[in-house]
Amino acid sequence: MKLALFISLALASHFCVNQVSAQDQKPAQEVAASAASTPATVATVPPFATLEKIDSVVGTGTEAVVGKTVVVHYTGWLRDPQGENQHGKAFDSSVGRGPFSFNLGEGRVIRGWEQGVQGMKVGGKRTLQIPSTLAYGPRGAGRGVIPPDADLIFDIELLDVINMPEVEKIDSKIGKGDEAKSGNTVTVHYTGWLRDPKAKGQKGKEFDSSRKREAFSFTVNGGEVIRGWDLGVQGMKIGGKRTLIIPAALAYGAREVGNGLIPANSDLVFDVELLKVKVNAK
């Protein structure tokens, strides 16, 4: 089984693998079509021009700043100019499922979130009105769940701000070839386990291995893998073997992956062997 471990946008992956909520309001595109056919009764409303941040509760706890891990609850809607408070169809919510965490400033979520959550304090509640240019733009997301060029609205509650965790790196063999650096494409073999502090080497249940298929390639810091891999593989040299002990916040956080194969809030352990390094043109 080839497990889809390697994702680019945490938020996009999160809502795409969960059931989509449904409401009666029409998506923004349908409203626009209706406006075009009946211009005398429905006014054309321009898209959001800039990110708007509307605080309903100002928090009093620790402030969300770049370099910290933030823990939030959220609900997201497509913008519908004709809906109440411009809320259209709800496409995802962490409420009732479990909080969502990400590392602020790493570009792992849409830019509207990166810019919109900064400055909140724990306990705060904020509505973000995000133009499509700071969301998913012309590509959309979720196989049509978020249409192209859709403006989005999010209600965000900041639950916690914590220091960003680190990846523990244990080298069993030091390589002698080219070094894996940011921007390089690397080819590796790996095996992954759920972390079990009581097991030998902290390796609990194995959930995936490239050695049963073929070697895996990705670009370091290219947004193609979990953050713990980007941080953990850098500095290895060809021929090297390294064990990575990755905290949940640098893996999949509060979301479940692979229909429960990786439970929510799981720390992970990977054995990685670096096979090739390709220096990409800048």
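The rules behind the values
- Residues numbered from 1 in each chain as written.
- Predicted model: local features only at pLDDT ≥ 70, side-chain atom pairs only at ≥ 80, totals over all residues.
- Heavy atoms only, no water.
- pLDDT = per-residue confidence, 0-100.
- Contact = heavy atoms within 4.5 Å.
- Salt bridge = Lys/Arg side-chain N within 4 Å of Asp/Glu carboxyl O.
- Helix = DSSP H or I, 4+ residues; strand = E, 2+ residues; numbered from the N terminus.
- Buried < 20%, exposed > 50% of the residue type's maximum accessible area, 1.4 Å probe, protein only.
- Phe/Tyr/Trp six-rings, centres within 6.5 Å; stacked < 30°, edge-to-face > 60°.
- Lys NZ or Arg CZ within 6 Å of the ring centre and 35° of its normal.
- Core = buried A, V, L, I, M, F, W, Y, C linked by side-chain atoms within 4.5 Å.
- Polar contact = N/O pair within 3.5 Å; in protein donor to acceptor, adjacent residues only side chain to side chain.

Colleague: What's the story with the confidence of the model for the protein in this structure? I'm lost.
Modeller: It should be kept in mind that the predicted coordinates are not to be read in detail where pLDDT is low. Looking at the protein as a whole, the pLDDT averages 84, with 84% of positions reaching at least 70. Segment residues 1-43: pLDDT under 50, and 95 contacts once partners within four positions in sequence are set aside and those in other chains are kept.

Colleague: What exactly am I supposed to notice about the pattern of salt bridges here?
Modeller: Side-chain pairs of opposite charge can arise whenever the charged atoms involved come near each other. Overall, the coordinates contain ten salt bridges when judged by the stated rule. Between arginine 79 and aspartate 151 there is a salt bridge, and its shortest N-O distance comes to 3.4 Å. On the criterion of sequence distance, the pair formed by arginine 79 in strand S2 (residues 68-79) and aspartate 151 in the loop between strand S5 (125-130) and strand S6 (152-163) is long-range, its members being 72 residues apart. Across the pair, aspartate 151 and arginine 79 agree in class, each one buried. Aspartate 230 is paired through a salt bridge with arginine 227; the nearest N and O atoms lie 3.7 Å apart. Here aspartate 230 pairs with arginine 227, and both are found in helix H4 (residues 227-233), just three residues apart, close to one helical turn.

Colleague: Please explain the packing of aromatic side chains as it appears in this structure.
Modeller: To describe a pair of aromatic rings, you give the distance between the ring centres and the angle between the ring planes. The tally for this structure, following the rule as stated, stands at 16 aromatic pairs. Between phenylalanine 216 and phenylalanine 218, the aromatic rings sit 5.9 Å apart at their centres with planes inclined by 25°, giving stacked as the arrangement. Judged on exposure class, the residue phenylalanine 216 and its partner phenylalanine 218 are both buried. Ring-pair connections join several aromatic residues into one group, and the members of that group are Tyr74, Phe91, Phe100, Phe102, Trp113 and Phe154. The positively charged end of arginine 79 is found above the aromatic ring belonging to phenylalanine 48, 4.1 Å away from the centroid.

Colleague: Explanation requested: unusual backbone geometry in the structure shown.
Modeller: Backbone phi values are negative for most residues with the exception of glycine, while trans is the configuration of most peptide bonds. If you check the backbone angles, glutamine 202 has positive phi at about 65° while not being a glycine. Within the chain, asparagine 265 stands out as a residue other than glycine whose phi angle is a positive 60°. Structurally, asparagine 265 is set in the loop between strand S11 (241-246) and strand S12 (268-278). By relative accessible area, asparagine 265 is classed as exposed at 55%.

Colleague: When you look at the nonpolar core in this model, what are you seeing that I'm missing?
Modeller: The tendency in soluble globular proteins is for nonpolar side chains to be buried as a group. Counting 28 residues, the largest nonpolar core has Trp113, Ile130, Leu152, Phe154 and Ile156 as the members making the most contacts within it. Going through the elements one at a time, S2, strand S4 (100-103), helix H3 (111-117), S5 and S6 are the ones with two or more residues in this core. The leading source of residues in this core is S6, at five residues. When sequence neighbours within four positions are dropped, the list of residues in contact with leucine 152 reads Phe48, Trp77, Leu78, Arg79, Phe91, Leu128, Gln129, Ile130, Ala135, Tyr136 and Ile146.

Colleague: Explain the side chain of threonine 75 here, please?
Modeller: Here threonine 75 is to be found in strand S2. Within the local environment of threonine 75, its side chain forms a polar contact with the side chain of serine 93, the two groups lying 2.8 Å apart. In this view, threonine 75 contacts Asp92, Ser93, Val95, Ile153, Phe154 and Asp155; residues no more than four positions away in its chain are not counted.

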